[in-house]
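# Chains, contacts and geometry: an overview
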Amino acid sequence: MKTSDFNYDLPEELIAQDPAGRRDASRLLVIDKKTGERQHKIFHDIIDYLVPGDCLVLNNTKVIPARLLGERETTGGKVEVLLLKRKDNDIWETLVKPGKKARPGSRLVFGEGLLKAEVLDVVEDGNRLVKFEYSGIFEEILDQLGQMPLPPYITHKLKDKNRYQTVYARYEGSAAAPTAGLHFTEELLKEIEDKGINIAKVTLHVGLGTFRPVKSDNIENHHMHTEEYHVSSEAADLINTTKKNGGRVICVGTTSLRTVESAAANYGIINTGGGDTDIFIYPGYQFKIADALITNFHLPESTLLMLVSALEGQSEIMEAYNEAVSLKYRFFSFGDAMFMETRRLVYNMDGTYNGKYYTEQGKIKIPYNEYLKAEEMYKEQIKNKSIDKIWDIFH
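Quantities reported herein were computed from a predicted structural model and do not represent experimental measurements. (Residues numbered from 1 in each chain as written. Predicted model: local features only at pLDDT ≥ 70, side-chain atom pairs only at ≥ 80, totals over all residues. Heavy atoms only, no water.)

## A few points about the overall build of the protein chain
Counted only if it meets this: Secondary structure counts use DSSP, requiring at least four H or I residues in a row for a helix and at least two E residues in a row for a strand, with both numbered from the N terminus. Here's how the labels work: a residue is buried when its accessible area is under 20% of the maximum for its type, exposed when over 50%, partly exposed in between, all with a 1.4 Å probe on protein chains only. The criterion used for residue contact is that any of the two residues' heavy atoms lie within 4.5 Å. Here the open area of atoms and residues is found with the Shrake-Rupley method and a 1.4 Å probe, where only the protein chains shown may cover a residue.
Along its length, the protein chain carries eight helices and 19 strands. Expressed along its principal axes, the backbone C-alpha trace of the protein chain runs to roughly 70 × 45 × 40 Å. Residues counted as buried form 54% of the 395 residues belonging to the protein chain. Counting contacts in the protein chain only where the partners sit at least 6 residues apart, residues at least 24 apart contribute 70% of the total. Here the protein chain has roughly 17,800 Å² of accessible surface; of this, 47% comes from carbon and sulfur atoms.

## What about the pairing of strand β12 (residues 198-204)?
Note the threshold: Two strands are said to pair when DSSP picks up at least two bridges between them.
Burial runs high along β12: five of the seven residues are buried. Strand direction decides the pairing type here: strand β3 (residues 55-59) and β12, joined by five bridges, are parallel. Considered in β12, the bridge of leucine 58 is made with lysine 201.

## Some words on the state of the cysteines
Condition: Put simply, a disulfide is two cysteine sulfurs that come within 2.5 Å.
All told, the structure shown has zero disulfides when counted by the stated rule. In this model cysteine 55 remains outside any disulfide bridge; the closest cysteine sulfur is found in cysteine 251, 8.7 Å from its own. The exposure class assigned to cysteine 55 is buried, which follows from its relative accessible area of 0%. When its relative accessible area of 0% is taken as the criterion, cysteine 251 is described as buried.

## Notes on the sheet that holds strand β5 (residues 67-72)
Stated formally: All axes are obtained by fitting lines to C-alpha atoms, using only the stretch in contact for helices, and the reported angles, taken between N-to-C directions, cover 0 to 180 degrees.
If you trace the six strands once around the closed barrel, you get β5-β6-β7-β10-β9-β8, paired in antiparallel fashion. If you compare each strand with its neighbour and ignore which way they point, the axes differ by 45° on average. Helix-sheet contacts for helix α1 (residues 138-145) involve β5, β6 (78-88), β7 (91-97), β8 (107-110), β9 (115-122) and β10 (128-133), and the interaxial angle to β6 is about 150°.

## Here's the deal with the packing of helix α4 (residues 254-262) against helix α5 (residues 303-312)
Definition in use: Convention used here: angles under 35 degrees read as roughly parallel, angles over 145 as roughly antiparallel, angles from 65 to 115 as roughly perpendicular, and any remaining angle as oblique. Throughout, a crossing is termed right-handed when the near helix is turned clockwise from the far one, and left-handed when it is turned anticlockwise from it by less than a right angle.
Between α4 and α5, the shortest axis-to-axis distance is 11 Å and the interhelical angle comes to 65°. In this view, α4 runs roughly perpendicular relative to α5, as classed from their interaxial angle. The handedness of the crossing between α4 and α5 is left-handed. Between α4, through Thr254, Leu257 and Arg258, and α5, the contact on the second element is made entirely by Leu304, Leu307 and Leu311.

## Remarks on the sheet that holds strand β13 (residues 227-231)
Overall, mixed pairing links the nine strands, which are arranged β2-β1-β19-β18-β14-β3-β12-β13-β17 in an open sheet. Looking at strand neighbours, the two that pair on one side only are β2 (38-42) and β17 (273-277), the edges of this open sheet. Sheet twist, expressed as the average angle between the axes of neighbouring strands with direction ignored, equals 20°. Packing of helix α3 (residues 233-244) onto the sheet brings it into contact with β3, β12, β13 and β14 (249-252), and relative to β12 it is tilted by some 130°. Packed onto the sheet, α4 meets β3, β12, β13, β14, β17 and β18 (292-296) and runs at close to 85° relative to β12.

## Observations concerning the pairing of strand β19 (residues 337-341)
The element β19 is extensively covered by neighbouring structure, given that five of its five residues are classed as buried. Side chains Ala337, Phe339 and Glu341 project from β19 onto one buried face, and the interleaved Met338 and Met340 project onto a second face that is buried too. Inspection of the sheet shows strand β1 (residues 27-31) paired to β19 by four bridges, in the parallel sense. Directly across from leucine 29, in β19, lies its bridge partner methionine 338. When β18 meets β19, the two strands line up antiparallel, connected through five bridges. When the sheet's bridge partners are listed, leucine 293 is paired in β19 with methionine 340.

## Comments concerning unusual backbone geometry
Of note, the bond from lysine 97 into proline 98 is cis; its omega dihedral lies within 30 degrees of zero at -5°. With a phi angle near 50°, asparagine 89 is a residue other than glycine that sits in the positive phi range. Residue placement: asparagine 89 occurs in the loop between β6 and β7. Assessed through its relative accessible area of 57%, asparagine 89 is described here as exposed. Not every positive phi belongs to a glycine, and aspartate 125 is a case in point at roughly 60°. Summarising the element assignment, aspartate 125 is placed in the loop between β9 and β10.

## Some details on the packing of aromatic side chains
What counts here: In this analysis, rings of Phe, Tyr and Trp, with Trp reduced to its six-membered ring, are considered paired at centre separations within 6.5 Å, and the interplanar angle assigns stacked below 30 degrees, edge-to-face beyond 60, and tilted for intermediate values.
Using the criterion set out here, one finds 23 aromatic pairs in the structure. Arranged with centres 5.4 Å apart and planes meeting at 50°, the rings of tyrosine 134 and phenylalanine 138 form a pair that is tilted. Taking the relative accessible area as the measure of exposure, phenylalanine 138 reaches 4% and is therefore buried. Residues tyrosine 164 and phenylalanine 334 carry aromatic rings whose centres are separated by 5.9 Å and whose planes lie at 80° to one another, so their mutual orientation is edge-to-face. With tyrosine 164 in the loop between α1 and β11 (171-174) and phenylalanine 334 in the loop between α6 (314-326) and β19, this residue pair connects regions lying 170 residues apart in the sequence. Note on accessibility: tyrosine 164 and phenylalanine 334 belong to one class, buried.

The following block contains the structure:
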């Protein structure tokens, strides 16, 4: 598929510059799998689409104040450093601006010398390996000097830095927030648990790789950066039990979805543990764990827009996005949300539409209830046979 297939027109005024007044008061666009129709709600209504036996998967990573403003030690020239990934104790992979002058051996100063750094090396994509020097505890100094690394399309100053953290953020390490989770309040999560929905917490530390622009014309030529993830035994047990009992695994955000799919051992089974993942999900991907996704609206031609298209179909998603634009939904990190369930028979593995059920333009060509029956048969048969054996029967 072409990168340009995932482009759409977005008026600049629809890019949300500030969080909603209340987290769960954002708007919610629902693609209702039962009817195939789109519905418009507020985010708190998400509880109406969850049923007992479902499992909600949250990413409990915590954003660090990863943006450091300083100067070059020798010239006093201004410099900005964005922490991307800790490599070894005080050595970090970073993005330095301006990069051309940040050569190996260059020394940087922050907070009038409270924190210093030396550029060690230039690595992939021009990122810099930087070693920090300080007295005391690095995290405390970072809290004092660092700023929240808001995306460049947000130009307003963030009044409350906690609004760029989820209410369940726990493990520090992200350079960006898992923004779908920003809509949840502690009260809403309590209501969800009281309804009989399990909540599993996984960790993926969000780096810039997720947001890296796709520069190739063919999406298959794009390479994702690695990000660190972890699935606890408790989370794996909840997810595996949900799948075994026929419940849905509903991922909050693309980072949660990429985590469970990275940790999948087979269809319906997830492993405990973790590591680095560079998983790139685009149309034609065979989902093994995720049954549904809660997500924000994503940038044109981004890998995240390709991921949601793999769930629903590129044609369906682009129609939904255009409708959201016409209804003046708010987009990106502080914007509104979508809820969708995985359609598993949309694509062939090469990213073309599955001609058994879809036209070449991505429209269902059989009665919608017949498609839903085919999906149920597929899900039932795949429990007892490998995905490869069942795939050909339904494509």
